[in-house]
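# Per-entry structural report
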Amino acid sequence: MTTAEARAAAQPSRRRFRALRRMNLVVGALIILALVCVAIVSLFWTPVPPAKMQIIHKLQPPFGFGLLGTDQLGRDVLSMLMAGCWNSLSISVSAVAIGGTVGTIIGVSAAAQRGLFEALVMRACDVIFALPPILSAMILGAFLGTGRMTAIIAIAVFMVPVFARVALGSALQAWSRDYVLAARAIGNTQLAITLRHVLPNIMGSIIVQATIQLGLAILTEAGLAFLGLSVPPPAPTWGRMLADAQTYFHVAPWLALSPGLAIALSVLGFNLLGDGLRDLLDPREATR
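Please read all numbers here as calculations on a predicted model, not as lab measurements. (Residues numbered from 1 in each chain as written. Predicted model: local features only at pLDDT ≥ 70, side-chain atom pairs only at ≥ 80, totals over all residues. Heavy atoms only, no water.)

### Comments concerning the confidence of the model for the chain
Per-residue confidence for the chain gives a mean pLDDT of 79; residues scoring 70 or more make up 88%. In the model of the chain, helix H10 (residues 283-287) stands out as the element of lowest mean pLDDT, 51, in contrast to helix H2 (residues 77-113), which has the highest, 88. (pLDDT = per-residue confidence, 0-100. Helix = DSSP H or I, 4+ residues; strand = E, 2+ residues; numbered from the N terminus.)

Laid out in structure tokens, this is it:
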């Protein structure tokens, strides 16, 4: 078989692969869009107020009293799930936005300065990586008290080195490009080159990384809520719903099923979206 024939034979498989990657993008976007819609709707309407207790209807199975049943206090599981969607997504998005912004600034600054500053940034990233977000939240909780801001700061601190490394690697590649060398030759400052040439060309990598990190942030927030380090009660979160459900798992397993599936679905959606965006925004992936 000649080279041309081999390439022609490989074209259908490549098209199928590309279609599959684009399908990841579509499915992930639809899942995240559905979650965002549920979160926004929960601000204005839920079937029952999430904190309303109806002890007489406690531990009702799905479709017995409400679509997803009730918990040990008679609260509607569907209403709590909808309200928890807003709490979990808002905390995760805020943490990734803060961590991504700070990490990107640090990464592009290190790429522009190089030398000692770059080495210090990398060592600081290594130190932060050694402290998991759960431990960071416990330390912050001792000083700030548990709550929404504690969870956001704990997750954001863990996100900073991730984005710093991604931004640094992408920015170093951008600084070696001909257009950046030309901008330096005509006397542009490092700040001007970073803002005009480097930062716009690495935003694709930052966006993809942010999408993927949102899935990790959802898991981390659920873990913090499970330990009682996130939004305080009676505001529902998916992690606290799992923590409350473990006591009644043998008599009411549906209490753990709903928030567990919600967490898994959100993480899957963000991972699929990030995978599809990587193929869409990175021409090297498309070529490969």
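### A closer look at the environment of Thr237
Within the secondary structure layout, Thr237 lies in the loop between helix H7 (190-226) and helix H8 (238-245). A C-alpha to C-alpha distance of 4.0 Å links Thr237 and Gly84, two positions 153 residues apart in sequence.

### A few points about the packing of H7 against H8
At a closest axis distance of 7 Å, the pairing of H7 and H8 adopts a crossing angle of 45 degrees. With respect to their mutual orientation, H7 and H8 come out oblique. When you trace H7 past H8, the crossing you get is right-handed. Residue-level contacts link Ala222, Ala225 and Phe226 of H7 to Gly239, Arg240, Leu242 and Ala243 of H8. Its residues assigned to classes, the contact of H7 with H8 comprises five nonpolar, one polar and one charged. (Axes fitted to C-alpha atoms, helices over the stretch in contact; angles between N-to-C directions. Parallel < 35°, antiparallel > 145°, perpendicular 65-115°, else oblique. Left-handed = near helix turned anticlockwise from the far one by under 90°. Contact = heavy atoms within 4.5 Å. Nonpolar A, V, L, I, M, F, W, Y, C, P; charged D, E, K, R; others polar.)

### Thoughts on the nonpolar core
Judged by nonpolar contacts, the single largest core of 60 residues is most densely connected at Trp175, Val198 and Trp238. If you list the elements that add at least two residues to this core, you get helix H1 (3-44), H2, helix H3 (115-129), helix H5 (148-175), helix H6 (178-185), H7, H8 and helix H9 (254-281). (Core = buried A, V, L, I, M, F, W, Y, C linked by side-chain atoms within 4.5 Å. Buried < 20%, exposed > 50% of the residue type's maximum accessible area, 1.4 Å probe, protein only.)

### Structural notes on the UniProt feature "transmembrane region" (unreviewed entry) in the chain
In this numbering, the UniProt entry assigns the feature "transmembrane region" (unreviewed entry) to residues 23-45, 89-112, 124-144, 150-168, 206-231 and 251-274. Span residues 23-45 is 96% helix and 0% strand, its end C-alpha atoms 32 Å apart. Strand forms 0% of residues 206-231 and helix 81%; the C-alpha atoms that close the span are 28 Å apart. (UniProt positions renumbered as here; feature names shortened; annotations may be inferred.)

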